[in-house]
Amino acid sequence: GDSGKESEARNAAERFIDGLLADPSCSASCHLLIGLWMRLVTKNYGEAVKHFRIAANAGHYFAMNNLGVSYHLGEGVPVDYGRAAELYQRAAASGHIAAMFNLGLLCEKGDGMPLDLKQAAELYRRAADAGDDDAMCALGVLYERGEGVPRDIQIAAELYQKAADVGNKYAMCNVGVLLQRGEALPQDLPRAACLFRKAADSGYAPAVYNLAVLYDNGEGVEKNTTEAFRLYQQASDAGHAGATFNLAVLYDRGEGGVQQDLQRWYACMAAVHVSSSRS
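All values derive from a computational prediction rather than experimental measurement.

## Some thoughts on the overall build of the chain
Within the chain one finds 15 helices and zero strands. Each of the 279 residues in the chain was classed as buried or not, and the buried ones make up 44%. By sequence separation, contacts in the chain at least 24 residues apart represent 39% of the contacts at least 6 residues apart. When the accessible surface of the chain is totalled, it reaches about 14,200 Å², and 50% of it is carbon and sulfur.

## Some remarks on unusual backbone geometry
Even without a glycine there, the phi angle at lysine 43 is positive, about 60°. With respect to the helices, strands and loops of the structure, lysine 43 is situated in the loop between helix 2 (28-42) and helix 3 (45-57).

## Points about helix 12 (residues 205-217)
For helix 12, which comprises 13 residues, the first-to-last C-alpha distance of 18 Å matches the rise-based estimate of 18 Å (1.5 Å per residue) to within 8%. Across the 13 residues that make up helix 12, a large majority, 11, are buried. Among the residues making up helix 12, those that are buried are Ala205, Ala207, Val208, Tyr209, Asn210, Leu211, Ala212, Val213, Leu214, Tyr215 and Asp216. On its buried side, helix 12 packs onto helix 10 (169-181), helix 11 (189-200), helix 13 (225-237) and helix 14 (241-253).

## Regarding the environment of cysteine 194
As for its placement among the helices and strands, cysteine 194 is situated in helix 11. For the pair cysteine 194 and cysteine 173, spaced 21 residues apart in sequence, the C-alpha separation works out to 9.8 Å.

## Comments concerning the nonpolar core
Leu67, Tyr124, Tyr160, Phe196 and Tyr232 are the most contacted members of the largest nonpolar core, which totals 87 residues. Beyond its immediate stretch of four places on either side in the chain, tyrosine 160 contacts Cys137, Gly140, Val141, Glu144, Ala171, Asn174, Val175 and Leu178.

## Some words on the packing of helix 10 against helix 12
Axis separation between helix 10 and helix 12 bottoms out at 10 Å; the angle between their running directions is 30°. Here helix 10 is positioned roughly parallel relative to helix 12, judged by the angle of their axes. Classified by chirality, the crossing of helix 12 by helix 10 is left-handed. Within the contact between the two elements, helix 10 uses Cys173, Val177 and Gln180 and helix 12 uses Pro206, Ala207, Asn210 and Leu214. A class-by-class count of the residues in the contact of helix 10 with helix 12 yields five nonpolar, two polar and no charged.

## Looking at the confidence of the model for the chain
In the predicted model, the chain carries a mean pLDDT of 89, and the fraction of residues at 70 or more is 90%. Considering only residues more than four positions removed or in separate chains, one finds that residues 275-279, a stretch of pLDDT under 50, has one contact.

What counts, and at which threshold
- Residues numbered from 1 in each chain as written.
- Predicted model: local features only at pLDDT ≥ 70, side-chain atom pairs only at ≥ 80, totals over all residues.
- Heavy atoms only, no water.
- Helix = DSSP H or I, 4+ residues; strand = E, 2+ residues; numbered from the N terminus.
- Buried < 20%, exposed > 50% of the residue type's maximum accessible area, 1.4 Å probe, protein only.
- Contact = heavy atoms within 4.5 Å.
- Areas by Shrake-Rupley, 256 points an atom, 1.4 Å probe, with all protein chains shown as cover.
- Expected span 1.5 Å × (residues − 1).
- Core = buried A, V, L, I, M, F, W, Y, C linked by side-chain atoms within 4.5 Å.
- Axes fitted to C-alpha atoms, helices over the stretch in contact; angles between N-to-C directions.
- Parallel < 35°, antiparallel > 145°, perpendicular 65-115°, else oblique.
- Left-handed = near helix turned anticlockwise from the far one by under 90°.
- Nonpolar A, V, L, I, M, F, W, Y, C, P; charged D, E, K, R; others polar.
- pLDDT = per-residue confidence, 0-100.

Right under this line is the structure:
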C-alpha cells in the first residue's frame, strides 16, 4: 500500500543521508541536503544548523538562506534577526529568490535592520517578478494598505489573484475577502466561500474563520449554524481571537447545535481578553 511505499522511500532516503554523513569529502551541496533533512524531516535543528553553516561558509547561497531562516525562527540557535539579515543579504545578492522575500519580511517589521517599507516593497517586487507567490501576496498587502507604495487596491487584487492561481493559501483568503466586500472585484459570495474553503483546507485560521462567518450569516452558502460553530471552534483552537469571540456569542445565544452555556461563554470571553492583551 501507500504506507509501505512511503516507508521504503523514507528508508532509502535515510540510507542516502547516512552515506553522505560517512563521506569525509562531503561537498557544500551535500551538507545543504543533510541540513534540510535534519530540519524538515527529523526536526534535529541543532544538527541542521551545523550543516547549513558548513555549506554557507563554503559560499553556498541556498545554505546561507536556510541558516538565515534558522536564526530568524530560532531553530537550533537563539533568535538573532541581525545575523539572519546578514545571511539573507548575502544570499539575495547572489540572486536567491526566497532570501529576497525573507529579507523583505525583516525590512517590513524592522527586525535586525531599520524598518523600511519602501525597501520591503522593492524586495517583495523582485521576488514576485521571479515567481515567488508569497512575495506576490506580501506585496499585495502593502498595496492594499498603502505602505511603502501608493495605495492601489486594484494592483493588490491582481497580485493576490496571481498568487492564488498557484495555490497560495494567504492569497486565496485575501481574494476571498475582496470578493466578500465587493472591493476591487465584483461581489461574489459563493466564489468567496469557495476560496475560503480551499485556504481553510490548508489549515489557515483566518480562512477558517471567514468561512464560518459566511455559514453563520448564510452568505454565499446555505445558513448552517452548526457548521459555523465547528469552524469557529477550529479557528479558535488555532488562536484566532475573532473566532473565539463568535463562539462566545453562540454559547450566549444557545445556537450552533449547543445549549446556552454561560460558563463556556465566560471562558471564551476571558480567552479573547488574554489574546487582546498580548497583541
